[in-house]
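Spelled out, the chains give:
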Amino acid sequence: MEKYQKIIEDVYLEVKNMPQSGKVANYIPELAFVDPENFGINITTIDKESFGVGDFDKKFSVQSITKILSLTLAYKFEGVKIWDRVDVEPSGNPFNSLLQLEADLGKPRNPFINAGAIVICDVLVSHLKNPKEDFLDFCKEISNIPTLQYNEKVAQSEKASGYRNVALCNFIKSFGNIKNDVDVVLDFYFYMCSLEMTCKELSKIFLFLTIDNFTTQKGERVITESQTKRINAIMLTCGFYDESGEFAFRVGLPGKSGVGGGIVAILPDKYCIAVWSPKLNVKGNSYKGMLFLEKFTSKTTSSIF
Ligand code: GLN
């Protein structure tokens, strides 16, 4: 297992010294303050061994990576009924697009584009008494990391500038696929996206999608085996927006990115890996994160294919 430490260090050095391409996200003003040189990787194996390199222990804004967690909780509440509200098809469009919603009568293509994640937030608002607190408690419980927090500044910054998400939420509501007050749903969405984690924490929290028969500290399953399979499938087909095909082609693992520059990827029954490098390519995915994972899976010949 120590081989992972050596391999991530080697690939880290190789990628770190490559020319930086991409841009830090600045459409959420607060995200633009992050140091673009941050670069960290952490891998956690199914035996719960953890190996890190670089800035693996620094907190950052996980943004859309949190959409795996909100989908998980909504799926737990609703079961298969959830698919009446949101589809499971790759959109082939940018993460914040409004384009397909009109033809699709307000049913988002998948739960990982913003439109779909906002509908999932609506589902959670219907189920949770205190959505922000209860969702955070769920994250703490499945990760066994009691210190998880939202970043207030990032949440407020997105709230003040999230015009597209406001438009998406209102547009979907006009089709009847948002049941609660749009302000309540959006407030929850912005806070959820502001969740902060380190690469080490990220590679730990997603062990429930990696390990067969995973149970929490309380000895409870998070979701069923079949639900685990389906969430991994949606990550593979929709986790990188209109670059999902490219990620599957180059990396070959189910994964999910966020505009904070993080990526998580899973090799079922083996490991969960998280990478952070804030500069994004034009599709909104971490430039060096993708490069690292491509080289890492090639070197370890680990992919689901
Ligand atoms: N909070 C971001 C947004 O809604 C999340 C986008 C992302 O990480 N791709 O725009």
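So, how was this worked out
- Residues numbered from 1 in each chain as written.
- Predicted model: local features only at pLDDT ≥ 70, side-chain atom pairs only at ≥ 80, totals over all residues.
- Helix = DSSP H or I, 4+ residues; strand = E, 2+ residues; numbered from the N terminus.
- Rg over C-alpha atoms; globule rule 2.2 N^0.38 Å.
- Buried ≥ 20, exposed ≤ 12 C-beta atoms within 10 Å, placed from the backbone.
- Contact = placed C-beta atoms within 7 Å.
- Domains from an automatic or database assignment.
- Nonpolar A, V, L, I, M, F, W, Y, C, P; charged D, E, K, R; others polar.
- Near = placed C-beta within 6 Å.
- Pairing = 2+ DSSP bridges.
- Axes fitted to C-alpha atoms, helices over the stretch in contact; angles between N-to-C directions.
- Parallel < 35°, antiparallel > 145°, perpendicular 65-115°, else oblique.
- Left-handed = near helix turned anticlockwise from the far one by under 90°.
- Core = buried A, V, L, I, M, F, W, Y, C linked by C-beta atoms within 7 Å.

A. Main features of the overall build of the chain. Across its full length, the chain holds 11 helices and 10 strands. For 305 residues, the compact-globule estimate of 2.2 N^0.38 gives 19 Å, and the chain sits close to it at 18 Å. If one aligns the C-alpha atoms of the chain with their principal axes, the spans along those axes are about 55 × 40 × 35 Å. A total of 305 residues make up the chain; the buried ones form 51% of that total. Taking contacts inside the chain between residues at least 6 apart in sequence as the whole, the part at least 24 apart equals 69%.

B. Just the domain arrangement of the chain, in detail. The domain boundaries assigned to the chain delineate domain 1 (3-60 + 198-218 + 252-299) and domain 2 (64-195). The straight-line distance from the C-alpha centre of domain 1 to that of domain 2 is 22 Å. Contact residues are listed per partner, giving 19 residues for domain 1 and 17 residues for domain 2. The set of elements that each furnish at least two residues to the side of domain 1 that touches domain 2 consists of helix 8 (199-205), strand 7 (255-257) and strand 8 (262-267). It is helix 8 that provides the largest number of residues to the side of domain 1 that touches domain 2, a total of four residues. Grouping the amino acids of the side of domain 1 that touches domain 2 by side-chain chemistry returns nine nonpolar, six polar and four charged.

C. Layout of the site of the ligand. Residues in contact with the ligand, as listed here, are Gln63, Ser64, Phe95, Asn96, Asn114, Glu158, Asn165, Cys193, Gly258, Val259 and Gly284. Partitioning the shell around the ligand into residue classes produces three nonpolar, seven polar and one charged. Residues lining the shell around the ligand come from more than one domain, with at least three contributed by each of domain 1 (3-60 + 198-218 + 252-299) and domain 2 (64-195).

D. Local environment of the sheet that holds strand 7. The five strands are arranged 3-2-9-8-7 in an open sheet whose pairing can be described as antiparallel. Each of the sheet's edge strands pairs with one partner strand only, and the pair in question is strand 3 (50-54) and strand 7. Averaged over all pairs of adjacent strands, the angle between strand axes in this sheet comes to 10°, irrespective of strand direction. By the bridge criterion, five bridges tie strand 2 (residues 40-45) to strand 3 in an arrangement that is antiparallel. Note that in strand 3 the partner of Asn42 across the bridge is Gly52. Helix 1 (residues 3-16) rests against strand 2 and strand 3 of the sheet, and its axis sits at about 20° to strand 3.

E. Molecular detail of the packing of helix 1 against helix 11 (residues 287-299). Orientation of helix 1 relative to helix 11, taken along the N-to-C sense of each, is 135°, at an axis distance of 10 Å. Here helix 1 lies oblique to helix 11, going by the angle between them. When you trace helix 1 past helix 11, the crossing you get is right-handed. Between helix 1, through Ile7, Ile8, Val11, Glu14 and Val15, and helix 11, the contact on the second element is made entirely by Lys288, Leu291, Phe292, Lys295, Phe296 and Lys299. Of the residues in the contact of helix 1 with helix 11, the class split is seven nonpolar, no polar and four charged.

F. Spatial organisation of the nonpolar core. Counting 94 residues, the largest nonpolar core has Ile118, Cys121 and Tyr189 as the members making the most contacts within it. For this core, the leading source of residues is helix 3 (residues 114-127), giving nine residues. In terms of domain composition, this core takes at least three residues from each of domain 1 (3-60 + 198-218 + 252-299) and domain 2 (64-195).

G. Focus on the pairing of strand 8. Burial runs high along strand 8: six of the six residues are buried. Burial along strand 8 is two-sided: the face carrying Gly262, Val264 and Ile266 and the face carrying Ile263, Ala265 and Leu267 are both buried. Bridge count for strand 7 against strand 8 is three bridges, and the pairing is antiparallel. Paired with Ser257 across the two strands is Ile263, which belongs to strand 8. In textbook terms, the turn of a hairpin is the stretch between consecutive antiparallel strands, and for strand 7 and strand 8 this stretch comprises four residues, one of which, Gly261, has a positive phi near 100°. Hairpin geometry of strand 8 and strand 9 (residues 271-276) is characterised by an intervening segment of three residues between the two adjacent antiparallel strands and by a positive phi of about 70° at Asp269.

H. Highlighting the sheet that holds strand 5 (residues 149-150). Spatially, three strands are ordered 4-6-5 in an open sheet, and the strand pairing comes out antiparallel. Looking at which strands have only one partner, the edges of the open sheet turn out to be strand 4 (60-61) and strand 5.

I. Up close: the packing of helix 3 against helix 6 (residues 163-174). Running from N to C, helix 3 and helix 6 cross one another at 65°; their axes reach a closest spacing of 10 Å. Here helix 3 and helix 6 pass one another in a crossing that is right-handed. Listed contacts from helix 6 to Asn114, Ala115, Ile118 and Val119 of helix 3 are Asn165, Leu168, Cys169 and Ile172. Along the lines of polarity and charge, the residues of the contact of helix 3 with helix 6 split into six nonpolar, two polar and no charged.

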